[in-house]
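Notes for the structure review
Chain residues, written in single-letter form:
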Amino acid sequence: MTTTDRAVAAYLGLAIGDAMGATVEFMTPREIAAKYRIHDTLTGGGWLHLKPGQVTDDTTMSLALGSSILAHGSVDALAAAHAFDAWMRAKPVDIGNTVRRNLLQFRNTGNPEAPCSEHDAGNGALMRVLPVALATLNHSEDAIRAACRAQGHVTHNSSLSDAACETLVFMIQDALLGREKNHLLHQHAHPLVTRHPEFKFRGIRPSSNPSGYVVDTVQAVFQAFFDTDDFRSCLVDVVNRGGDADTTGAIASMLAGALYGLEAIPDVWRNTLNADIRHSCEAQARALIQLADESAKTA
Ligand code: MN
Ligand code: MN
């Protein structure tokens, strides 16, 4: 399996997880079970009244970020801020409160770095981090961390968001390079918990109804990802926990896509995904990996 195939699978995973989770976003596990028994389709609906296979901000902000990286030739805070601002002007179907507030601030100040605030520890920077993982593959660790912060701080300047973004990027990159799940667990997930015990995800109750708080999101994603063995089970597990299900779905399945690869993604999900989104994700994944290859020698 090539790195590029894994990158395409990660990007499709992001969009599929977003589309599937959005149907049950803000529902409790009990409400989901009563309505669907198990929710495992891209049927749309939900509080946003989506069409089947339609995605939300998690995917469209990632695509906006990815386009800015490709146009600029690297991850750049100002380019990302302009791309997010244009994205917001185009009236997306949903937008997080912290994203809106700090993009409006950017419009006023022109400063692409949001003020540091530990209250801005939502999952909004984490959900769109995939293009950074692809564009900085095989770059130096310092360059990768700097790129994570540049994109994240446009809207979320918080140490917990930073820690989650950097950990997820390193996990995705190791998966893209063919490392095993145990390596991701011991090299990245456990060390995150050592540095920030808030993220502890073992020895606690299964995370249910996870909120948009980045800690809740990471706990649900890690439990679903590390306690299942394939793409399908991982995604179905996490979205049926409800809560911020489009975002937990997006993050869990970008990781699962990178690890398990294209063959692991059920055809029916790939084919139900909105066709324009599917093509954009595939094309961007390839272009970002190519950019990473070209720039790795100098970064
Ligand atoms: Mn969303
Ligand atoms: Mn969400």
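In case you missed it, the structure is sitting above this.
**Details of the overall build of the protein chain**
Looking only at helices and strands, the protein chain features 14 helices and 0 strands. Each helix (α) and strand (β) of the protein chain, taken in turn from the N terminus, gives the series α-α-α-α-α-α-α-α-α-α-α-α-α-α. A compact globule built from 299 residues should have a C-alpha radius of gyration of about 19 Å, and the protein chain, at 17 Å, falls within 12% of that. Taken along the three principal axes of its C-alpha coordinates, the protein chain extends 50 × 40 × 40 Å. When the accessible surface of the protein chain is totalled, it reaches about 12000 Å², and 51% of it is carbon and sulfur. Distance from the positive charge centre (25 side chains) to the negative charge centre (33 side chains) of the protein chain: 3 Å.

**Observations concerning the coordination of the manganese ion (ligand 1)**
Distances from the manganese ion (ligand 1) to its protein donors, Thr56 (OG1), Asp57 (OD), Asp58 (OD), Asp94 (OD) and Asp246 (OD), fall at 2.1 to 2.5 Å. In primary-sequence terms, the residues that donate to the manganese ion (ligand 1) follow T-D-D-x35-D-x151-D. Between the manganese ion (ligand 1) and the manganese ion (ligand 2) the interatomic distance amounts to 3.7 Å, and Asp246 serves as a bridging ligand to the pair. Placement of Asp58 in helix H3 (residues 57–72) and of Asp94 in the loop between helix H4 (77–89) and helix H5 (97–109) is noted, with a sequence separation of 36 residues between them.

**Some details on the packing of aromatic side chains**
Tallying each qualifying case throughout the model produces 6 aromatic pairs. Relative to Phe226, the ring of Phe222 lies with its centre 5.7 Å away and its plane at 70°, an arrangement referred to as edge-to-face. Note that Phe222 and Phe226 are positioned in helix H10 (residues 214–226) at a spacing of 4 residues, about one turn of the helix. One exposure class covers both Phe222 and Phe226, and it is buried.

**Concerning unusual backbone geometry**
With a phi angle near 55°, Lys91 is a residue other than glycine that sits in the positive phi range. Take Lys91: it is sitting in the loop between H4 and H5. Phi at Asn209 is positive, roughly 55°, even though this residue is not glycine. Looking at Asn209, the relative accessible area reads 35%, which means it is partly exposed.

**Describing the coordination of the manganese ion (ligand 2)**
For a metal bound by four donors in tetrahedral geometry, the ideal donor-metal-donor angle is 109.5 degrees, whereas six donors in octahedral geometry ideally sit at 90 or 180 degrees. Protein coordination of the manganese ion (ligand 2) is provided by Glu25 (OE), Asp244 (OD), Asp246 (OD) and Thr247 (OG1), with donor distances spanning 2.0 to 2.6 Å. Counting along the primary sequence, the residues that act as donors to the manganese ion (ligand 2) give the motif E-x218-D-x1-D-T. Assessed through its relative accessible area of 9%, Asp244 is described here as buried.

**Some points on the environment of Leu160**
By the secondary structure assignment, Leu160 is in helix H8 (residues 159–176). Overall, the relative accessible area of 8% leaves Leu160 in the buried class. Between the C-alpha atom of Leu160 and that of Glu198, which follows or precedes it by 38 residues, the distance is 9.0 Å. Dropping the residues within four chain positions of it, Leu160 is found in contact with Glu118, Ala121, His196, Glu198, Phe199, Tyr213, Val214 and Val215.

**Section: the pattern of salt bridges**
Inspection of every chain in the model, using the stated rule, returns 10 salt bridges. Its salt-bridge partner being Asp120, residue Arg101 comes within 2.9 Å of it at the nearest N-O pair. You can see Arg101 sitting in helix H5 and its partner Asp120 sitting in the loop between H5 and helix H6 (130–135), a full 19 residues away along the chain. For Asp120, a relative accessible area of 3% corresponds to the buried category. Across the salt bridge formed by Lys181 and Asp229, the nearest N and O atoms sit 4.0 Å from each other. Of this pair, Lys181 sits in helix H9 (residues 181–195) while Asp229 is found in the loop between H10 and helix H11 (231–239), placing the two residues 48 residues apart along the sequence. Accessibility expressed as a relative area gives 16% for Lys181, which makes it buried. You can call Asp229 exposed: its relative accessible area is 66%. Taken together, the shared-partner salt bridges connect Glu141, Arg145, Arg149 and Glu166 into one network.

Reading guide: rules and limits
- Residues numbered from 1 in each chain as written.
- Chains lettered and ligands numbered in written order.
- Predicted model: local features only at pLDDT ≥ 70, side-chain atom pairs only at ≥ 80, totals over all residues.
- Heavy atoms only, no water.
- Helix = DSSP H or I, 4+ residues; strand = E, 2+ residues; numbered from the N terminus.
- Rg over C-alpha atoms; globule rule 2.2 N^0.38 Å.
- Areas by Shrake-Rupley, 256 points an atom, 1.4 Å probe, with all protein chains shown as cover.
- Lys, Arg positive; Asp, Glu negative; His and termini not counted.
- Charge placed at Lys NZ, Arg CZ, Asp CG, Glu CD.
- Donors = N, O, S within 2.8 Å, 3.2 Å for Na, K, Ca; no water.
- Phe/Tyr/Trp six-rings, centres within 6.5 Å; stacked < 30°, edge-to-face > 60°.
- Buried < 20%, exposed > 50% of the residue type's maximum accessible area, 1.4 Å probe, protein only.
- Contact = heavy atoms within 4.5 Å.
- Salt bridge = Lys/Arg side-chain N within 4 Å of Asp/Glu carboxyl O.

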